[in-house]
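The primary structure of each chain is shown beneath.
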Amino acid sequence: MIGDSKILEVKGLTKTFTRTTSQGKKEAFYALNNLSFALKKGQSLGIIGKNGSGKSTLLNIISNIIRPSDGEVLVRGKVLSILDIGTGMHPDLSGRENVFLRGELLGMSKQDIEKVYSDIVEFSEIADFIDTPVKHYSSGMFLRLAFAIIVHLKADILLLDEVLSVGDLGFREKVKHALNAMSSETTLIIVSHEIHTIREFVDSILYLKSDKERSYIFSPKIDFPFDKFTADLSTIQSEEVRIYAAQDVILKNQKVDENDKGYLAQFTLEIASVSKEVYFGIQVFNDLDIPILTSVSQELKALEGTYRVEVSLEESLFGYGQYAVQCGLMFQEKEGWKVLPLSTEKMTISYGEKGSESYPKEVFNGILQPTLDWTLTLTNPS
Amino acid sequence: MAWVLAKRDIKIKYAQSLVGIGWVVLQPLVAVAVYTIFFSRLLNLDTPYPYVLFVVSGVIFWSLFNYIFSQGSNALLQNQDLIRKLYFPRVLLPVSKVLVALTEFVIVFGLFLGLLIYYGIPISIKCLVLVPVLLGTACFGLGLALLLSAATIRNRDLHHIVPFLVYFGIWLTPVFYPVTIIPSTYAKWLYVNPMASYIQWFRWGFFSEPIDCFSWIGVLLGLLVCLAGILVFKAQEDKIADSV
């Protein structure tokens, strides 16, 4: 029963702010609009969205820093929010003093901090400088100390706002490790621009869209591909490029004959008029959301009518796993390149499907696993 | 939490400073020296007991009030980063300044006691008035600070009023001049100023100066300001993080 209970419940959360328009009028706008989701104990959440999509507003409301305009947040347990790495730490105070100051500001008792103090110092790797004022620290040292404090906090819910992308690689790994260890007892809520920086810590995703209606997607599991590419047609068109309708990408597993063992990406465009050069493109993302393949067509001119666009992908290129395949139309504007993306299709490369591989692709985990030409030449004939 | 903030203030203030805690004593000492030279020597202001004691008793309470009022009303602006990134009852920011001020007061008050002994002034049971006077000063200072904080949330430039109030306030308070130099018809109006009342009650307790019953007005007004400050601030508290 306890293991199943909700630790965080957000119901109909709405927050409006007033902004001043260029005419000097004040108008209300929504940062969050009727947002609802719930987290069970042991679940951890990643919040993603573009700048201005309301991520920080949501964190601020959950941390009780600002009040919602409507709706409510129910929390069962102690919430700690790290909205900034070193808030409250002071350059003139020593590392030691700052550890206690920061810990106490975050609601830990002095006794609790004393218990983990040596762990914090050890984790931060700056034991020799712990009695030096932090203004003499390098920025890296400061971050180490600040992170060391964070990962030794005890809370039921820990909120982290885009703080994971700092520090050198080695230390980042250490922080990741520590956070993973924490996630067994603590519900982590991590905000990020992109899913791939946080996907290893979280098992559910809240995607806040920056559209006018402030719509969102809450997914209790990370289901890939996430629809970050689905775009509003009307925002992308211009005078020279007008498209009536576009159909989503269809990905066909071509099994027509033995030699043609690829995937065929196919989409249909009904083009009103295109008076400049356009290009078709395809991009494949791996499960960390990293684009691993991009291919662009030759330039096309003066299109009008309904077109079916097809491009085939050779399956043998890819390693075992899931991929997102995205097709789109690109053209150049004064401000730069515009991309009209179509919704994303999922592609799964699994071992044994084709039966042509002589080795299990899941064991050898290269991102690309193409079939290359290997030559074997005996150089010292006996 | 208020203590954590107060400790932070104190530590930051004296971290890496040469004279350290000595600044606490030095500041009122300089004020006392200036007042003594100007008003006692040059203007021949006379008090029934050593003028130095008179001035010190005024200065320590005026400094206490000044610190709580000036720092307290600035506490929200000064700690914007904390307000935006951490949750805690916002009222603790000005309250922590009261704790800092009281801590420093203890040190300065030691100096006052030293002078009492030096001049051989006997202490009676009446000196217990120190406790309510201290509380009254702190409450009045905090009340004003809260009122001003609440106002500065909406209009930031209101903060510039603080130095004016402190500057003029000291002239309306018998810190360095005795009440006796004011014609008695006006003197009673002086007590509408809560700080005048508190300081005179303190002098009544330690030096048996006569006290006017008008001083109750000041005492009461001080407490009312405190109450008003708390209520107004509470009503504004939710909006603070939105507007800093």
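Remember, predicted model here, so these are calculated numbers, not experimental data.

J.: If you had to explain the overall build of chain A to someone new, which residues and values would you point to?
T.: A tally of helices and strands in chain A yields 6 helices and 18 strands. For chain A, with 382 residues in total, the buried portion stands at 32%.

J.: Requested: an account of the environment of Gly12(A), with residues and values cited.
T.: Residue and element names in this part refer to chain A. Along the chain, Gly12 falls in strand E1 (residues 6-20). When the C-alpha positions of Gly12 and Arg214 are compared, they lie 12 Å apart, and in sequence the two are 202 residues distant. Leaving out residues up to four positions away in the same chain, Gly12 has contacts with Asn34, Ser36, Asp70 and Gly71.

J.: With reference to specific residues and values, describe the packing of helix H9 (residues 194-207) of chain B against helix H10 (residues 215-236) of chain B.
T.: All names here are of chain B. It is at 7 Å that the axes of H9 and H10 come closest, and there the two elements cross at 115°. Judged by the sense of rotation from one axis to the other, the crossing of H9 with H10 is left-handed. Residues Pro194, Ala196, Ser197, Tyr198, Gln200 and Trp201 of H9 pack against Ser215, Gly218, Val219, Leu221 and Gly222 of H10. Grouping the constituent residues of the contact of H9 with H10 by class yields 6 nonpolar, 5 polar and no charged.

J.: How would you explain the sheet that holds strand E4 (residues 70-75) of chain A if you had to name every residue and give the values?
T.: Residue and element names in this part refer to chain A. Taken in spatial order, the 3 strands of this open sheet run E2-E1-E4, and their pairing is antiparallel. The open sheet has two edge strands, strand E2 (26-40) and E4, and neither has a second partner. The mean inter-strand angle of the sheet, taken between neighbouring strand axes irrespective of direction, is 20°. Bridge analysis of E1 against E4 gives 5 bridges, and the strand direction is antiparallel. By the bridge assignment for E4, Thr14 is matched with Asp70.

J.: With reference to specific residues and values, describe the confidence of the model for chain B.
T.: Residues with a pLDDT of 70 or more make up 97% of chain B, whose mean pLDDT is 87. Summarising per-element confidence for chain B, the mean pLDDT is lowest in helix H11 (residues 240-243) of chain B (74) and highest in H9(B) (93).

J.: Give a detailed account of the nonpolar core, specifying residues and quantitative values.
T.: Ranked by size, the top nonpolar core spans 117 residues in total, and within it Ala146(A), Leu158(A), Leu159(A), Ile68(B) and Leu142(B) carry the most contacts. Broken down by element, this core gets its largest block of residues, 14 residues, from helix H3 (residues 51-78) of chain B. Core analysis: the next-biggest nonpolar cluster, separate from the first, contains 19 residues, Ile282(A), Tyr323(A), Cys327(A) and Leu342(A) among them.

J.: Explain the interface of chain B and chain A to me, using residue names and the numbers behind them.
T.: Contacts between the two partners involve 15 residues from chain B and, on the opposite side, 17 residues from chain A. Breaking the side of chain B that touches chain A down by element, the ones donating at least two residues are helix H1 (2-14), helix H4 (80-85) and H11 of chain B. Of the residues contributing to the side of chain B that touches chain A, the split by class is 7 nonpolar, 1 polar and 7 charged.

J.: For unusual backbone geometry, give the residues involved together with the corresponding values.
T.: Even without a glycine there, the phi angle at Asn34(A) is positive, about 50°. Take Asn34(A): there are 15 C-beta atoms within 10 Å of it, and that puts it in the partly exposed class. Phi at Ser208(B) is positive, roughly 55°, even though this residue is not glycine. In this structure, Ser208(B) sits in the loop between H9 and H10.

J.: Requested: an account of the pairing of strand E17 (residues 336-341) of chain A, with residues and values cited.
T.: All names here are of chain A. Examined bridge by bridge, strand E16 (residues 321-333) and E17 share 6 bridges and lie antiparallel to one another. Directly across from Gly328, in E17, lies its bridge partner Pro341. Between E16 and E17, which pair antiparallel and follow one another directly, the connecting turn spans 2 residues.

J.: Please set out the confidence of the model for chain A residue by residue, giving values where relevant.
T.: All names here are of chain A. Residues at a pLDDT of 70 or more form 80% of chain A, whose mean pLDDT is 78. Highest mean pLDDT in chain A belongs to E4 (91); lowest belongs to helix H6 (residues 233-236) (48). For the stretch residues 224-235, pLDDT sits under 50, and the model shows 21 contacts to residues farther than four places along the chain or on other chains.

J.: Residue-level account of the environment of Thr306(A), with values.
T.: All names here are of chain A. If you trace the backbone, Thr306 turns up in strand E15 (residues 303-314). Among the residues examined, Thr306 registers 11 C-beta atoms within 10 Å and is labelled exposed. Separated by 35 residues in the primary sequence, Thr306 and Ile271 have C-alpha atoms spaced 6.0 Å apart. With residues near it in sequence (within four places) discarded, Thr306 still touches Thr268 and Glu270.

J.: Please give an account of the sheet that holds strand E5 (residues 79-82) of chain A that cites residues and values.
T.: Residue and element names in this part refer to chain A. What the 6 strands build is an open sheet, ordered E5-E6-E7-E3-E8-E9; its pairing is mixed. Single-partner strands in this sheet number two, and they are E5 and strand E9 (216-219). Taking each pair of neighbouring strands and ignoring which way they run, the sheet shows an average axis angle of 15°. By the bridge criterion, 5 bridges tie strand E3 (residues 45-49) to strand E8 (residues 204-208) in an arrangement that is parallel. In the strand pairing of E8, Leu45 is matched with Ser204. Sheet strands touched by helix H1 (residues 55-62): E3, E5, strand E6 (157-161), strand E7 (187-192) and E8. Its angle to E6, the strand with the most contacts, is close to 150°.

J.: Tell me what's going on with H3(B), and back it up with residues and numbers.
T.: All names here are of chain B. The terminal C-alpha atoms of H3, which comprises 28 residues, lie 38 Å apart, in line with the 40 Å expected from a rise of 1.5 Å per residue. Along its length, H3 shows its largest kink, about 30°, at Gly72. Counting buried positions over the 28 residues of H3 gives 20, a clear majority of the element.

Calculation criteria
- Residues numbered from 1 in each chain as written.
- Chains lettered and ligands numbered in written order.
- Predicted model: local features only at pLDDT ≥ 70, side-chain atom pairs only at ≥ 80, totals over all residues.
- Helix = DSSP H or I, 4+ residues; strand = E, 2+ residues; numbered from the N terminus.
- Buried ≥ 20, exposed ≤ 12 C-beta atoms within 10 Å, placed from the backbone.
- Contact = placed C-beta atoms within 7 Å.
- Axes fitted to C-alpha atoms, helices over the stretch in contact; angles between N-to-C directions.
- Left-handed = near helix turned anticlockwise from the far one by under 90°.
- Nonpolar A, V, L, I, M, F, W, Y, C, P; charged D, E, K, R; others polar.
- Pairing = 2+ DSSP bridges.
- pLDDT = per-residue confidence, 0-100.
- Core = buried A, V, L, I, M, F, W, Y, C linked by C-beta atoms within 7 Å.
- Expected span 1.5 Å × (residues − 1).
- Bend = angle between axes of the 7 residues up to and from the residue.

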